[in-house]
Amino acid sequence: MNASISGFSKLTKSEKIDWIVTNYLSNSETAKQTILQYANDDDKLQQLHDEFIENTISNYYLPLGVAPNFLINNRLYAIPMAIEESSVVAAASKAAKFWLDRGGFKTTVISTTKIGQVHFTFSGDFNILKKYFNTVKPKLIEDTKAITCNMEKRGGGILDIELRDKTKAINGYYQLHATFETLDAMGANFINSCLEQFAKTFKTEAETILEAPINIVMSILSNYVPNCLVRAEVSCKVEDLAEKNIDPSTFAEKFVQAVNIAEVEPYRAVTHNKGIMNGIDAVVLATGNDFRAVEAGVHAYAAKDGKYTSLTHAKIEDGIFSFWIEIPLALGTVGGLTSLHPLVKIALEILGKPNAKALMQIVAVAGLAQNFAALRSLTTTGIQEGHMKMHLMNILNQFNATNKEKDVIVNHFKNNTVTHSAVVSEIEKLRR
Ligand code: MEV
């Protein structure tokens, strides 16, 4: 039976491993070996990883790949991507090469502000609350000076605090809705620290002024960042969209149709956007950023008008094909993992040590490129041809194919369609 335990976090790492393999894994010796195999021999490096989280028992690897040939605003980039899905890096590289010969990607950062809220309840008169808020607002800002002074020196900080009446939604519910500029930091800690100080000051000052108390429910940043927005675009003459087995204008029209479908049909939009996130998450992860925050914010943005829709758009106008994305991305290039994880440092160096704005543009491009590659396959050959070619190695590894077997089978499938059963039958044939 599965066991429970108290004080697990106090055990040594080796005791934790013993406990988990004994209580939860059937072949405990082999399981233990596997867990230990993924630990780093360099004790210092391993300790760094151990200390990222609690109860570390090993490391969980993802491949780190690089997609070269991205021309962004006339500068060349090789983009690092941490991802397990076979075809993503290959697709990004193909899209990058395609647009390299057609002027590359053009990007602009539209806005960079972030939001945090203090959620509270108050049972008194709103007008009195409003008056109190206006009086206390300078002190709310003043009391955060110790937190904000460094950020302010660099040009960021608190931009505004508003009082929002949410009583139509929930009885007695109000917010301090604050706007921040966090520059090159993702800013979660900065924003949350400011908010907790706002809450403290707001509640304490009210005690001698207001008749009814301020009840703080919580203080937290929002991962919905519609005003931390970046745009990436590609465009070229329709006739320059030459494709195998399809003439450029038919390809352009089918491509725009595919985007239009994702704009109107949520079932398609979710998959369409998932493909975009294949590119975005991979770069967000490689650069040590919070992919859960990005995912949450991006999908909320995709539904901002009340219906989930495509994050990318495309059109043909006066013989020009254009394809673009507008996406909210709260990213950091200082703080967090960016200065701790050795591979994150390498990834950022590969990208030329970008600031947050530059990284937003690179990540948006990775999303657009990924979507271009997916739609290009979907509207021409179908997705499976390329996908299964890349997946071939996974199937071979499932069957513990030797390097020699891999060579023979990869060679065979250069001219044959890859399906799971076809690969299995080739392996069986070879081993007979
Ligand atoms: C697979 O990971 C992503 C795609 O399904 C995206 C799409 O359909 O646009 C290929």
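Residues numbered from 1 in each chain as written. Predicted model: local features only at pLDDT ≥ 70, side-chain atom pairs only at ≥ 80, totals over all residues. Heavy atoms only, no water.

In this section: the overall build of the chain. For the chain, the helix and strand inventory stands at 15 helices and 10 strands. Of all 432 residues assigned to the chain, the portion counted as buried reaches 44%. Considering only residue pairs separated by 6 or more positions, the chain has 70% of its internal contacts joining residues 24 or more positions apart. In the form shown here, the chain has an accessible surface area of approximately 22500 Å², with 52% of it arising from carbon and sulfur atoms. (Helix = DSSP H or I, 4+ residues; strand = E, 2+ residues; numbered from the N terminus. Buried < 20%, exposed > 50% of the residue type's maximum accessible area, 1.4 Å probe, protein only. Contact = heavy atoms within 4.5 Å. Areas by Shrake-Rupley, 256 points an atom, 1.4 Å probe, with all protein chains shown as cover.)

Our next topic: the packing of aromatic side chains. Per the stated rule, a full pass over the model turns up 21 aromatic pairs. Relative to Trp 99, the ring of Phe 98 lies with its centre 5.3 Å away and its plane at 70 degrees, an arrangement referred to as edge-to-face. Overall, the relative accessible area of 5% leaves Phe 98 in the buried class. In this structure an aromatic cluster arises from ring pairing among Phe 98, Trp 99, Phe 251, Phe 255, Phe 321, Phe 323 and Phe 372. (Phe/Tyr/Trp six-rings, centres within 6.5 Å; stacked < 30°, edge-to-face > 60°.)

Across a sheet, strands are paired by hydrogen bonds formed along the backbone, either parallel or antiparallel in direction. If you trace the four strands from one edge of the open sheet to the other, you get S5-S6-S4-S7, paired in antiparallel fashion. Each edge of the open sheet carries a strand with a single partner, namely strand S5 (157–165) and strand S7 (215–221). The mean inter-strand angle of the sheet, taken between neighbouring strand axes irrespective of direction, is 20 degrees. Pairing geometry for S5 and strand S6 (residues 173–181), over eight bridges, is antiparallel. Within S6, the residue paired with Leu 163 across the bridge is Leu 176. Seen against the sheet, helix H7 (residues 188–207) touches strand S4 (113–121), S5, S6 and S7 and runs at an angle of roughly 160 degrees to S7. (Pairing = 2+ DSSP bridges. Axes fitted to C-alpha atoms, helices over the stretch in contact; angles between N-to-C directions.)

A few words now on a nonpolar patch on the surface. A cluster of nonpolar residues, Leu 64, Val 66, Leu 343, Ile 346 and Ile 350, forms a patch on the protein surface that exposes about 400 Å² of accessible area. Elements with a minimum of two residues in the nonpolar patch: strand S1 (64–72) and helix H11 (342–350). Looking at which element gives the most residues to the nonpolar patch, the answer is H11, with three residues. Relative to the assigned elements, Val 66 resides in strand S1. Residue class for Val 66 comes out partly exposed when judged on its relative accessible area of 41%. (Patch = residues over 30% accessible without salt bridge, like charges linked within 9 Å, V, L, I, M, F, W, Y side chains within 5 Å. Salt bridge = Lys/Arg side-chain N within 4 Å of Asp/Glu carboxyl O.)

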